[in-house]
Amino acid sequence: MASRPGFNLYQRIDAVARQRGDAPAWLLPDGRHWTFRAVRRESGRYAAALRNYGVQPGDRVMVQVEKSPEALVLYLAIMRIGAVIVPLNTAYTPAEVEYFARDAEPHLLVVDPLRAAALREVAQRLRVPEFATLDARGDGDMPQRARALASMHGSAAGARGAAVHAVARDDLAAIVYTSGTTGRAKGAMLSHGNLVANADALAAIWQFTAADTLLHALPIYHVHGLFVATHCALFSGASMHLLPGFDAAQLLQLLPASTVFMGVPTHYTRLLALQEFDATRAAGIRLFISGSAPLLPATFAEFERRTGQRILERYGMSEAGIIASNPCDGERVAGTVGFALPDVTVRITGAEGIGLPAGTSGAVEIRGPNVFRGYWRMPERTAADFRPDGFFVTGDVGTLDDQGRLTLVGRARDLIISGGFNVYPKEIELELDALRGVIESAVIGVPHPDFGEGVIAVLAVRPGHSQTELQVIGALQDRLARFKQPKRVFFVDDLPRNTMGKVQKNRLRERYRDTFVA
C-alpha cells in the first residue's frame, strides 16, 4: 500500500480536536456533552478494540447501528487505523445485509444488539471473521472491549490506539452502497482524498468556524449525515447538537442554540407545518441548507416568507459528496443547485459526451478531487460511467446557464419517451406543483401500446382541496405541449419516499405499470 504520512482523514480531525481540547464537540438531548478531548480519547480506545478484533488497514468494517456518539467514534477509529467503513441503512433487512456482506467481504460486522441474532446467522453463513454489537446508548460488545482494553493496558492501549495509519490520497476510506433502485446495488468507493477535498471545500464555502453550532438531525449511515454534516463540524472545530433523528418540535427548541441546520426538504415542510416556527425562532441560524432531494420552489418561497431567510440548496450524490452549491454570500435561486465547488468541473453533454451550449438540457458530467474511485468489484460498470477524459456521468439531467449555475431537470432513468418525444418529468411537475391544493407531484412514464410510454401524474393534495383528473389535465392544456400532458392523473395521500426524502418513482412505476394495458 502506498503511503503518504500525515494524510489520513482522521489526522486532520485530530489536529483540530487537539486545539479545541475541552470545548464541546457533541451536545446530546439529555444535557450531556462530549468534548473534543473525549472524542480523541474514545476514538483511540475504539481503534485499539478494532485492532484487537484483528482489523488491518484496508479491511472492511460493515456497520449497521443506530445513531449515537459511540457510532461516530467507531467511524473515526476505523479511519485512524486505515480500515474501510461500509455504513448500512438501519432499515435494511437481514437478507439485504447478507447481499452487502457477500459483496464487500468485511472482516468485522458491527450491528445493533436488537438485530444481533438474525445478523449473527448471516455472519456465520458468510464466514465473516468477527462480529460485534453497539446500541444507541453506547453499549455492546464493541464499547465493552474498548473499555476492557483501556482498563487492562492503561496508557499502553491508548498509545496503540493513538497511532494513525499513514495512507495515500487514493487509499480507500469508505464503500457506500447506492440504493439499487434500478438493479443491483453498487458500492461507491470513496478515498481519503475524496472525503478530505470535499470537507475542505464545504467548510470554506459555507463559512464554518469554531463559533458555529450545527443542528444535526440526519442519519449517519448516509453521505449527507456522516460525511457532509459531520465533517463540516469536525474539520472546523464547530459544536454539534447530535440528535437521534428528526423531530420538528425538538428542532424548534434547539434552533435558538444553533447557527447552522442541514436537512432534507421534508424537514423544512414539517417545520413550516408548525405555527410556532417563525422568524424569531430562526433568527439565530445563519445558514439553512437543504439537499438529498429536490426542494420545491413553493417550499423555498414559503420559508422565506415565514423567516426572511433563503434556504441554501446544494447538489450531491454518494459517488462524489457535494458537487455544487448555491452561494453562502450571493443570490440563492429557487429551483437551482448553484455553482460547481472549487476544483470541481460540471459540464452538460449530449450524445457520446459532446458538450452542449448553455441553457440546453443534457447529461450532467463531473470531474474533481471529490469524485469517487469507481464501483467496488464492478470494473465494467465503472468503465461505462467514466469518460476517457475522467468525467463521471452522474445519471442526472440538467442545464447550465451562461453564468455556470446548474439546474437539475431529473434523472436520466426518469426520462420519458412518448411518441418519439423526450419528456422531462421535472418540467411537468413544476406546473402541477403550482396548482391550487397540490402538495407535491410525481410524473412517470409507463408502458403504452401506441406511444411506447404514456405520461402519468401522481398528486398528493392538501386535505379539503378536491381535484378531478379532468380539472388537472385541463389546467395544463395552455401550459404544456400536448405530448407532455399527462394522459392519466392519480391522487394519493403521500408519495412514497426513501429514508432521505427522495420520491421513489420506481415504486410508482411498478404500481401503475398496467394503466394502459388493455
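Residues numbered from 1 in each chain as written. Predicted model: local features only at pLDDT ≥ 70, side-chain atom pairs only at ≥ 80, totals over all residues. Heavy atoms only, no water.

### So, the overall build of the protein chain
The secondary structure content of the protein chain amounts to 17 helices and 25 strands. Against the globule reference of 24 Å for 518 residues, the protein chain gives a C-alpha radius of gyration of 24 Å, in line with a compact fold. For the C-alpha atoms alone, the extent of the protein chain along its principal axes is close to 75 × 55 × 45 Å. Here the protein chain holds 518 residues, and the buried ones make up 56% of them. In the protein chain, of all internal contacts separated by at least 6 residues, the share reaching a separation of at least 24 is 66%. For the protein chain, the exposed area adds up to about 21,600 Å²; of that, 50% sits on carbon and sulfur atoms. Across the protein chain, the centroid of the 57 positively charged side chains sits 4 Å from that of the 53 negatively charged ones. (Helix = DSSP H or I, 4+ residues; strand = E, 2+ residues; numbered from the N terminus. Rg over C-alpha atoms; globule rule 2.2 N^0.38 Å. Buried < 20%, exposed > 50% of the residue type's maximum accessible area, 1.4 Å probe, protein only. Contact = heavy atoms within 4.5 Å. Areas by Shrake-Rupley, 256 points an atom, 1.4 Å probe, with all protein chains shown as cover. Lys, Arg positive; Asp, Glu negative; His and termini not counted. Charge placed at Lys NZ, Arg CZ, Asp CG, Glu CD.)

### Notes on the packing of helix 1 (residues 9-20) against helix 9 (residues 223-236)
Closest axis-to-axis distance for the helix 1/helix 9 pair is 7 Å, and the angle between their directions is 50°. Classified by the angle their axes make, helix 1 and helix 9 are oblique. Contacts between helix 1 and helix 9 involve Leu9, Arg12, Ile13 and Val16 on the former and, on the latter, His231, Leu234, Phe235 and Ser236. Residue composition of the contact of helix 1 with helix 9, grouped by class: 5 nonpolar, 2 polar and 1 charged. (Axes fitted to C-alpha atoms, helices over the stretch in contact; angles between N-to-C directions. Parallel < 35°, antiparallel > 145°, perpendicular 65-115°, else oblique. Nonpolar A, V, L, I, M, F, W, Y, C, P; charged D, E, K, R; others polar.)

### Observations regarding the sheet that holds strand 12 (residues 287-290)
Read from one edge of the open sheet, 9 strands run 2-1-10-9-11-12-13-14-15, paired in mixed fashion. Every interior strand has two partners, whereas the edge strands, strand 2 (33-35) and strand 15 (339-340), have only one. The sheet contact formed by strand 12 and strand 13 (residues 312-317) spans 2 bridges and is parallel. Of the residues in strand 13, the one forming a bridge with serine 290 is glutamate 313. Packed on one face of the sheet, helix 11 (residues 265-272) meets strand 11 (260-263) and strand 12 and runs near 115° to strand 11. (Pairing = 2+ DSSP bridges.)

### Considerations on the pairing of strand 20 (residues 406-411)
Bridge count for strand 19 (residues 392-400) against strand 20 is 5 bridges, and the pairing is antiparallel. Considered in strand 20, the bridge of glycine 398 is made with leucine 408. Adjacent in sequence and paired antiparallel, strand 19 and strand 20 are bridged by 5 residues, among which glycine 404 carries a positive phi angle near 95°.

### Regarding the environment of alanine 174
With respect to the helices and strands, the residue alanine 174 is situated in strand 7 (residues 172-177). If we skip the residues at most four places from it in the chain, alanine 174 touches Val84, Ile85, Ala188, Met189, Leu190 and Phe227.

### Details of the pairing of strand 12
Taking every second residue as pointing to the same face, both faces of strand 12 are buried, with Leu287 and Ile289 on one and Phe288 and Ser290 on the other. Pairing geometry for strand 11 and strand 12, over 4 bridges, is parallel. By the bridge assignment for strand 12, phenylalanine 261 is matched with phenylalanine 288. At this point the chain moves from strand 12, through helix 13 (residues 297-307), to the parallel strand 13, and the crossover so formed is right-handed. (Right-handed = clockwise from strand over helix to strand, strands pointing away.)

### Quick look at the packing of aromatic side chains
Counting across every chain of the model gives 16 aromatic pairs. Note on phenylalanine 261 and tyrosine 268: the rings are 5.6 Å apart at their centroids and 70° apart in plane angle, and the pair reads as edge-to-face. Exposure class is identical for phenylalanine 261 and tyrosine 268. Each is buried. By the ring-pair criterion, three or more aromatic residues cluster together here, those being Phe261, Tyr268, Phe277, Phe288 and Phe303. Over the face of the ring belonging to phenylalanine 391 we find arginine 347, whose NZ or CZ atom lies 3.7 Å from the ring centre. (Phe/Tyr/Trp six-rings, centres within 6.5 Å; stacked < 30°, edge-to-face > 60°. Lys NZ or Arg CZ within 6 Å of the ring centre and 35° of its normal.)

### So, the environment of glutamate 352
With respect to the element layout, glutamate 352 can be found in the loop between strand 16 (345-349) and strand 17 (362-367). The exposure class of glutamate 352 is exposed, given its relative accessible area of 74%. Here the alpha-carbon distance between glutamate 352 and arginine 387, two residues 35 residues apart in the chain, equals 9.1 Å.

### Section: the sheet that holds strand 19
One open sheet holds the 4 strands; their spatial order is 16-17-19-20, and the pairing between them is antiparallel. Of all strands in the sheet, those with a lone pairing partner are strand 16 and strand 20, marking the two edges. Each strand of the sheet is rotated relative to its neighbour by a mean of 50°, with strand direction disregarded.

### A closer look at the packing of helix 4 (residues 94-104) against helix 5 (residues 116-126)
Relative to each other, helix 4 and helix 5 sit at 30°, their axes nearing to 10 Å. Taken together, the axes of helix 4 and helix 5 lie roughly parallel to each other. With respect to the hand of their crossing, helix 4 and helix 5 are arranged in right-handed fashion. Along the contact surface, helix 4 presents Pro94, Val97, Glu98, Ala101 and Arg102, while helix 5 presents Ala118, Leu119, Val122, Arg125 and Leu126. Class assignment for the residues of the contact of helix 4 with helix 5 results in 7 nonpolar, no polar and 3 charged. (Left-handed = near helix turned anticlockwise from the far one by under 90°.)

### As for the nonpolar core
When a protein is soluble and globular, its nonpolar side chains tend to lie buried together. If you look at the biggest cluster of nonpolar residues, it comprises 97 residues, and the most contacted ones within it are Trp26, Val110, Met142, Trp206 and Met262. Discounting chain neighbours no more than four positions away, the residues touching tryptophan 206 are Val228, Cys232, Met262, Arg286, Leu287, Ile289, Leu312, Arg314, Ile322, Ser325 and Cys328. Counting 23 residues, the second-largest nonpolar core is a separate cluster that includes Met62, Val84, Phe100 and Ala101. (Core = buried A, V, L, I, M, F, W, Y, C linked by side-chain atoms within 4.5 Å.)

### Looking at the confidence of the model for the protein chain
Taken residue by residue, the protein chain gives an average pLDDT of 92. The fraction at 70 or more is 96%. Here residues 1-5 scores under 50 on pLDDT; set against residues more than four positions off or in separate chains, the count is 15 contacts. (pLDDT = per-residue confidence, 0-100.)

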